[in-house]
Amino acid sequence: MALLEVRDLSIEFETRKGNLKALERLSFTLNEGETLGIVGESGCGKSITSLALMGLLAPNARVSAGALRFEGKDLLAMNEEARSEIRGAEMSMIFQDPMTSLNPSFTVGFQLEEMLKAHPREEADRSPAGRRKRLVELMEQVGIPDPAQRLTCYPHELSGGMSQRVMIAMAVASRPKLLIADEPTTALDVTIQAQILELLRDLQRRYKMALILITHDLGVVSETAARTMVMYAGQAVEEGPTREVIASPRHPYTAGLLQCLPALHAKEAPKTRLPSIAGMVPDLLARPSGCQFHPRCSRAQEPCWQALPDWRVEGSRGERCHFPLTQAGGGQR
Ligand code: SF4
């Protein structure tokens, strides 16, 4: 049984301008200890997916179709009390901006201890002395020097990288089975980004957690995720083993994202301007017909604006395109 199963999940928002379909028939599974990268531009539905998993959708959002199962349990059928038992204990999330995710009014030690009180994982978590020891251990595990002193700090006294380490410590304090990291490195500089990704990999191995890594950057998933799903306009457009997706993308959108990246592992900054994907992501209140990517796709032909491509699976790869790329490197057929 998969740890997480998402089947045909559709999410809509009621807005003053009408009904906005943010997610359309999204499906994927995640096994214990596995890492899935979810990649796409802003507005593609990747963060909505993670909020739906956590049960944190905005009040004007509703799941209009589909199923969400965690360890076989139907998350959508649970009441809020049952859902909050799972949230924080069995699955937890790291948000993009650590500076706004921590409460500025309390020390990091206080905030971390509240998490241990709410979701005790070890016997030590049930006594003040035991929690104190665990707090120091957690801070050490996420690479914070002088942990006892740092526990007395307020968030504004820590750097961005240090704050994100505290957020990670809070997220793994209860040893969740699933950790969702939503753009965990976007607000950080490049050196710190690499350290945070290494820390996530290390903690995942240590705690045998499944990890969903949400990012707009294929470079971030290239070294972290075994599998990658690319999303566009609330739909999955390509999925497969990360190495294969990067080496030979089948969907033109994935190929476009790759072309926008500086060469992976390049030691120097590019000397010429990087290409970008022409056009804009569609207005989800006025979606284009057929393939959602067709207004931006250089390969678009009549079937593309007439019908939405089916999700087609071949071996470990899946894609949604009438005319997928077939050559290594994403070249023309
Ligand atoms: Fe491009 Fe057509 Fe494929 Fe859409 S279906 S990505 S428009 S080739």
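Look up: the structure comes first, before these words.
S.K.: Explain the environment of Lys-73 to me, please; I cannot follow it from the model alone.
M.R.: Looking at the element boundaries, Lys-73 is found in strand β5 (residues 73-74). Residue class for Lys-73 comes out partly exposed when judged on its relative accessible area of 36%. Counting along the chain gives 69 residues from Lys-73 to Leu-4, while the straight-line C-alpha distance between them is 9.2 Å. Beyond its immediate sequence surroundings of up to four residues, Lys-73 is in contact with Leu-68 and Met-78.

S.K.: Explain the nonpolar core here, please?
M.R.: Within soluble globular proteins, side chains that are nonpolar generally end up buried alongside one another. In this structure, Leu-4, Phe-28, Ile-168, Leu-178 and Ile-212 are the most contacted members of the largest nonpolar core, which totals 87 residues. Here this core gets eight residues from one element, more than from any other, and that element is helix α7 (residues 160-172). Counting residues domain by domain, this core receives three or more from each of domain 1 (4-90 + 178-319) and domain 2 (102-173). Not counting residues within four places of it along the chain, the set of residues in contact with Phe-28 comprises Leu-4, Glu-5, Val-6, Arg-7, Leu-36, Ile-38, Thr-49, Ile-212, Met-229 and Glu-239.

S.K.: Please clarify how the pattern of salt bridges should be interpreted in this entry.
M.R.: Side-chain pairs of opposite charge can arise where the charged atoms are in close proximity. Going through the model one piece at a time under the given rule, you end up with 24 salt bridges. Taking the shortest distance from any N to any O, the salt bridge between Lys-177 and Glu-71 comes out at 2.8 Å. Here Lys-177 is found in the loop between α7 and β7 (178-182), whereas its partner Glu-71 is found in the loop between β4 (61-70) and β5, with 106 residues between them in sequence. By relative accessible area, which is 33% here, Lys-177 ends up partly exposed. Linking Arg-317 and Glu-244 is a salt bridge whose minimum nitrogen-to-oxygen distance equals 4.0 Å. On the criterion of sequence distance, the pair formed by Arg-317 in strand β12 (residues 317-319) and Glu-244 in helix α10 (residues 242-247) is long-range, its members being 73 residues apart. Look at Glu-244 and you get partly exposed, because its relative accessible area is 36%. Overlapping salt bridges bring together Glu-71, Lys-73, Glu-90 and Lys-177 as one network.

Quick notes on the rules
- Residues numbered from 1 in each chain as written.
- Predicted model: local features only at pLDDT ≥ 70, side-chain atom pairs only at ≥ 80, totals over all residues.
- Heavy atoms only, no water.
- Helix = DSSP H or I, 4+ residues; strand = E, 2+ residues; numbered from the N terminus.
- Buried < 20%, exposed > 50% of the residue type's maximum accessible area, 1.4 Å probe, protein only.
- Contact = heavy atoms within 4.5 Å.
- Core = buried A, V, L, I, M, F, W, Y, C linked by side-chain atoms within 4.5 Å.
- Domains from an automatic or database assignment.
- Salt bridge = Lys/Arg side-chain N within 4 Å of Asp/Glu carboxyl O.

So yeah, pure geometry; function would need other evidence.
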